Amino acid sequence: MGLRWLWRHRVSALLLVLALLLLFTLLATHSLQNNRTHDPRPAADRRNQRRAAEKHTPPLAPNTHHPPKHTPTARAGQRRARPPVVFLKTHRTGSSTVQNILFRLGERQSATFAFPSRTYQFNYPDRFRAAFVDELPEGSSQFDLLCSHMRLDLREVKKVMPQNAVFITLLRDPIKNFESVFGYYTSTVPAFFFAHRTAASKGKSALSVFLDSPEIFWDPKEPGNGLAKNPMSFDLGLNNQKWNGSWPEDLAQLEEAFHLVMIAEHFDESLVLLGALLGLEHEDLAYLQLNARARNSVAELHENLRGKVRTWNVLDTLLYDFFVQVFWEKAAQYGMQRLKAEVERLRAFTEDIRRKCVSRAEVPPGGLEDLLRPLQMETATIVGYEVRGNLSLQDQGFCIRMMLPELQYHSHLYFKQYGRDMRAAPAN
């Protein structure tokens, strides 16, 4: 009875917020409808980008799956058996950092990964289907980890993963998220690319040109435009175009399905709750921020532009606000003082690991060797890390894995699991 009352209370509050946000949206939409003509759009070039990145990664040094020798390790026999994990990797939320944690954990435990049958994503932006997953490797009885990019379809994911799988994902403040999505995917999302091309003749930033009149550039029928409006809602399989009557029910299903929705603005707190959920130690949760843009690739948004982002992505705002409330409820159940103490311990442990491993941070791509160079985008510079010298072979392997970009680590684990390179995406 209490849970049913709590859900009704949440939905009522959600609908009240929605009504206010939709009022602002209608006012903004009225001003956008003076010019609704569409420019011709070139096709996105995602597959070419994937093929360019899909090169065999050199094998990493063997027997290097443990933390550096100076760090404390869990006492033998103290770790409980861990359940299978589904991590919905959302775009530009910090999800590459969480994926790296799971990659390291899975490799250390010889877990079986549910990998895409082709390239690095589950046929994104199509909704996930069980048929997109590569075959179960010989000698494995089930998949233990699924953490590659997809657009969620819960029923299809549950066909692949065991019934006791733990579902987790990560959300970010919608203003920061959309600025990052736009900056990272300007050249590959058609709506963004048209705005970028138009901005060149106006002397304005592409983001401000887009937000001045987003519906001029955005065609919802174009498959490549999924991330151009409410990108987090899109990744979660929701209707990202407009509110409809199924949204409260869809949110209820997501809340029931996901054991933890992490919040990027409270990343360390999220990791502590993840550790409690999966029985992880600080050594498992230590991290480096991956796939980050150089500072000069990040746009500072004034309040007017922030308001336009919020209006255009009203559903992501609802989604985020809803799960922030759920997050703090879980934090309260864990214990706020306990959470604060564990966050401090995690940060201290992580800082020790960073000092041990990192020679230079925020290194531009030209200063990185191939193994540690992240995939570069045409309109954003992605920085990486330089590993310290004079490390033992074991420590070097541990440190490299912490800073290994997604594509290189994905290729390494796939080859290790199947004994062959990934298949390329089919030609258009």
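The rules behind these values
Residues numbered from 1 in each chain as written. Predicted model: local features only at pLDDT ≥ 70, side-chain atom pairs only at ≥ 80, totals over all residues. Heavy atoms only, no water. pLDDT = per-residue confidence, 0-100. Contact = heavy atoms within 4.5 Å. Axes fitted to C-alpha atoms, helices over the stretch in contact; angles between N-to-C directions. Helix = DSSP H or I, 4+ residues; strand = E, 2+ residues; numbered from the N terminus. Parallel < 35°, antiparallel > 145°, perpendicular 65-115°, else oblique. Nonpolar A, V, L, I, M, F, W, Y, C, P; charged D, E, K, R; others polar. Phe/Tyr/Trp six-rings, centres within 6.5 Å; stacked < 30°, edge-to-face > 60°. Buried < 20%, exposed > 50% of the residue type's maximum accessible area, 1.4 Å probe, protein only.

Trainee: It is not clear to me how the confidence of the model for the protein should be interpreted in this structure. Could you clarify?
Mentor: Put simply, the protein has an average pLDDT of 86, and 81% of its residues get 70 or more. Low pLDDT, under 50, characterises residues 1-9; the stretch is placed with 6 contacts to residues that sit more than four places away or in other chains. Confidence over residues 69-79 falls short of pLDDT 50; this stretch has 16 contacts with residues more than four positions distant or in other chains.

Trainee: So what exactly am I meant to see when it comes to the packing of helix α5 (residues 174-184) against helix α13 (residues 303-312) here?
Mentor: The geometry of a pair of packed helices is captured by two quantities: the angle between their axes and the separation between those axes. Between α5 and α13, the least distance of the axes is 9 Å, while the angle of their chain directions is 90°. Taken together, the axes of α5 and α13 lie roughly perpendicular to each other. Residues Pro174, Ile175 and Phe178 of α5 lie in contact with α13, whose contacting residues are Arg306, Val309, Arg310 and Trp312. Taken together, the residues of the contact of α5 with α13 sort by class into 5 nonpolar, no polar and 2 charged.

Trainee: How should I be thinking about the packing of aromatic side chains in this particular structure?
Mentor: Centre-to-centre distance and the angle between the planes together describe a pair of aromatic rings. Overall, the coordinates contain 22 aromatic pairs when judged by the stated rule. Here Phe178 and Phe192 contribute two aromatic rings whose centre-to-centre distance is 5.8 Å and whose plane-to-plane angle is 85°, an arrangement assigned as edge-to-face. Residue Phe178 is found in helix α5, and its partner Phe192 is found in helix α6 (residues 190-200); the two are separated by 14 residues along the sequence. As far as burial versus exposure is concerned, Phe178 and Phe192 are alike and both buried. Ring centres of Phe192 and Phe210 lie 5.4 Å apart, and the angle between their planes is 90°; this geometry places the pair in the edge-to-face category. Taken together, the residues span a long stretch of sequence, with Phe192 in helix α6 and Phe210 in helix α7 (residues 206-212) at a distance of 18 residues. The class of Phe192 is buried, set by a relative accessible area of 0%. Owing to a relative accessible area of 0%, Phe210 belongs among the buried residues under this scheme.

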